[in-house]
Amino acid sequence: MKRIWLSALLFLIPAAAHSQDVAGDWQGTLHAGMDLHLVLHITKGDGGALKATLDSVDQGAYGIPVSSISLKNSNLTLGVDAVHGTYEGKLSGDGNTMSGTWTQGQTLPLDFKRSAAKIESKSVAPSDIDGAWLGTLEVGPIKLRVVFHIVNTQDGLVATLDSPDQNVSGMPTSKTTREGTTLKIEVQKIDGIFQGKIAADLGSIEGTWTQAGSAHPLVLHRVKDKAELAPPRRPQNPTKPYPYRDEDVFYENQVQNVTLAATLTIPQGKGPFPAVVLITGSGPQDRDESLLGHKPFLVLSDYLTRHGIAVLRADDRGTAKSTGNFATATTADFATDTEAGIAYLKTRPEINPHKIGLVGHSEGGEIAPMIAARNPDVAFIVMMAGPGVPGDQILPAQVEAIDLASGKSAEEAAKDAAQERDVLKLIETEKDNAVLEKEIKQKLAGQASDAEIGAQMKMMSSPWFRFFISYDPSTDLRKVSCPVLAIIGEKDTQVPPKQNIPAIRAALEQGGNKQFEVDELSGLNHLFQTAKTGAPSEYAQIEETISPVALEKMATWISKQ
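Since we're looking at a predicted model, the values are computed, not measured. (Residues numbered from 1 in each chain as written. Predicted model: local features only at pLDDT ≥ 70, side-chain atom pairs only at ≥ 80, totals over all residues. Heavy atoms only, no water.)

### With respect to the overall build of the chain
Move 1: What the chain contains, in helices and strands, is 11 helices and 26 strands.
Move 2: Projected onto its principal axes, the C-alpha coordinates of the chain cover approximately 80 × 65 × 40 Å.
Move 3: Taking all 561 residues of the chain together, the buried fraction comes to 53%.
Move 4: In the chain, the proportion of contacts linking residues at least 24 apart, taken out of those at least 6 apart, comes to 59%.
Move 5: With the model as given, the accessible surface of the chain reaches about 24400 Å², and the carbon-plus-sulfur share is 50%.
Move 6: Of the side chains in the chain, 54 bear a positive and 68 a negative charge, and the two mean positions are spaced by 3 Å. (Helix = DSSP H or I, 4+ residues; strand = E, 2+ residues; numbered from the N terminus. Buried < 20%, exposed > 50% of the residue type's maximum accessible area, 1.4 Å probe, protein only. Contact = heavy atoms within 4.5 Å. Areas by Shrake-Rupley, 256 points an atom, 1.4 Å probe, with all protein chains shown as cover. Lys, Arg positive; Asp, Glu negative; His and termini not counted. Charge placed at Lys NZ, Arg CZ, Asp CG, Glu CD.)

### Observations concerning the pairing of strand β10 (residues 131-139)
Move 1: Note that β10 and strand β11 (residues 142-153) share nine bridges and pair antiparallel. Counterpart to Gly131 in the pairing with β11 is Ile150.
Move 2: Here β10 pairs with strand β18 (residues 214-222) via two bridges, running antiparallel. Looking at the pairing, Leu134 lines up with His221 of β18. (Pairing = 2+ DSSP bridges.)

### A short note on the pattern of salt bridges
Move 1: Per the counting criterion, the structure on display carries 20 salt bridges.
Move 2: When the shortest N-O distance is used, the salt bridge between Lys240 and Asp246 registers 3.7 Å.
Move 3: The residue Glu247 makes a salt bridge to Arg245 at a minimum N-O spacing of 3.1 Å.
Move 4: On the accessibility criterion, Arg245 (42% relative accessible area) is partly exposed.
Move 5: Look at the salt bridges and you will find they share partners, linking Arg245, Glu247, Arg348 and Glu350 into a network. (Salt bridge = Lys/Arg side-chain N within 4 Å of Asp/Glu carboxyl O.)

### Side note on the environment of Gln541
Move 1: With respect to the helices and strands, the residue Gln541 is situated in the loop between β26 (516-521) and α11 (548-559).
Move 2: The class of Gln541 is exposed, set by a relative accessible area of 52%.
Move 3: Considering only alpha carbons, one finds Gln541 and Asn152, 389 residues apart in sequence, at a separation of 34 Å.

### So, the pairing of strand β24 (residues 380-384)
Move 1: Of all five residues making up β24, five are buried, and the element is well covered by its neighbours.
Move 2: Of the two faces of β24, the one lined by Phe380, Val382 and Met384 and the one lined by Ile381 and Met383 are each fully buried.
Move 3: Relative to β24, strand β23 (residues 351-361) runs parallel, the two sharing five bridges. In the sheet register, Leu358 faces β24, and the bridge partner there is Ile381.
Move 4: Following the chain from β23 across helix α3 (residues 363-372) to the adjacent parallel β24, one finds a crossover that is right-handed.
Move 5: Two strands pair when backbone bridges link them, and β24 and strand β25 (residues 484-489) are joined in this way by four bridges, in the parallel orientation. Pairing of Val382 across the sheet is with Leu485, part of β25. (Right-handed = clockwise from strand over helix to strand, strands pointing away.)

### Structural notes on the sheet that holds strand β13 (residues 168-172)
Move 1: Taken together, nine strands build an open sheet; the order of strands is β13-β12-β11-β10-β18-β17-β16-β15-β14 and the sheet is antiparallel. Strand pairing shows two members of the sheet lacking a second neighbour, β13 and β14 (175-179), which therefore form its edges. Strand-to-strand twist of the sheet, defined as the mean angle between neighbouring strand axes without regard to direction, takes the value 25°.
Move 2: As judged from the eight bridges shared by strand β17 (residues 204-211) and β18, these two strands associate in the antiparallel manner. Looking across to β18, one finds that Glu206 is bridged to Val219. (Axes fitted to C-alpha atoms, helices over the stretch in contact; angles between N-to-C directions.)

### Details of the side chain of His294
Move 1: Considering the arrangement of structural elements, one finds His294 in the loop between β21 (273-279) and α1 (296-306).
Move 2: A distance of 3.0 Å separates a polar side-chain atom of His294 from the backbone oxygen of Tyr539.
Move 3: Of the polar contacts made by the side chain of His294, one reaches the backbone oxygen of Ile542; its length is 3.0 Å.
Move 4: Setting aside residues no more than four positions away along its own chain, His294 makes contact with Arg234, Glu289, Gln529, Tyr539, Ala540, Ile542, Glu543, Glu544 and Thr545. (Polar contact = N/O pair within 3.5 Å; in protein donor to acceptor, adjacent residues only side chain to side chain.)

### Topic: helix α2 (residues 331-345)
Move 1: The end-to-end C-alpha distance of α2, which contains 15 residues, comes to 22 Å, matching closely the 21 Å that a straight helix rising 1.5 Å per residue would cover.
Move 2: α2 sits mainly inside the fold: 13 of its 15 residues count as buried. (Expected span 1.5 Å × (residues − 1).)

### Considerations on unusual backbone geometry
Move 1: Note the cis peptide between Lys240 and Pro241, where omega equals 0°.
Move 2: Tracing the backbone through its elements, the reader meets Pro241 in the loop between β18 and β19 (245-253).
Move 3: A cis amide bond links Gly271 with the next residue in sequence, Pro272, at an omega value of 0°.
Move 4: Looking at the element boundaries, Pro272 is found in the loop between β20 (258-266) and β21.
Move 5: Positive phi is not limited to glycine here, since Asp191 has a value of about 55°.
Move 6: The phi torsion at Ala385 lies on the positive side, around 55°, for a residue other than glycine.
Move 7: Position of Ala385 among the secondary structure elements: in the loop between β24 and α4 (391-405).

The following block contains the structure:
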């Protein structure tokens, strides 16, 4: 249930301008861990309307389209949708400089100066490894494309990092060095280092990606066709304008002093409408539950809202625009964030306060009944791949199911699952983390490096993990009296249906709930995609984000509540 690897701040490139007084070329430097030299090209179109493009010289990115541009009373506003960035600046009285800020995840100062000479004239000759380099990183069952863009500058080699399958692009690296045929790229922001040997024909770089103590082989190949860099197709992602209202909102979890940033989508019509709060799975997730190029909660919220159901979806605490500390929180803490969302919906006149429900995926499917068991404001819950047994039972079953789906023998899978049980037993019985680490190192001797074990120890000894493996969701499921829809994909290898569906059904029956439906959806995986094996390695390769079968079942069931 954990999703691990590059979870870094997206940080990229700036924007352009508009007005009859700003046509021309402008230079600026963005200080974002490294200096990014920018050139803004503004031209007049038909009827005097201004258009603009942006170059990021150090990243080798030229002609980035500026999607929106306006100048009012010397205040310039630009939007660059391609990199999710905006620029706001003020034009000086003499029209030769602009002072302002660039916002992309966080806000940094950015000033532009009108230029008669192009910044390219200051550039140096390209090196023999300038360009884009593509490789595939295998982290457990997950395969992720990695792209380094390398360019030679006056200050030496500079590189940026893309992870197309995670919607990460243009991440600045902290240091790029080359000694003969050895290339080293350091990415301090995510504690990552690539080190490799450049082939004699300059067509490949064979090396190792190391992150948080864990090392993985990574072979980079020079990109000759830009089509290789195209993001994966995600045909279900909706595009604006939407046939409903969408509003960015903020609300407070006053119990734990957290501000949640969210999007509320409201159907067309008078209302009041039934509503749901979406609850993400484990790991720091944004409001769209973005994963491997997919945006499951964007697709789900769009579908539900088109079918007359208002939807509130929030960035997890400490993630994207929400405040708070994610690393120190447990599942129980995240539940209070969701309850703050329920309280917020009750303040909105467009929402029927008697028809507010919860839709939780994976860990979110565990949080939904946790809240419904104690909060009378919850009218119904939907558990999407929510567990019915404690984490110390789920994880060994998950290891075995993923092994089998990935092609391992039944004997190998059973052995790995047994080892997982042994490690979990150590964690549950040993509360001293120093002693625990020593015991796990002895248990896994020869199977993992000390650095890798140390990195995993940090996660396994966290408050979240200790809560997860000990919490039994059936305890709260037995207390839930509101209507429940629980769905798990037949090919789910992370919350295996054969283990969890009977447990969920039994708990609800034992609690006397007469208003529940528990279904196994044929052919679907943990993300509710139509899948071949259910292995996590398929997630990024499948174009479908959520099966229409799952979407229709949830919308129809919610509409009847």
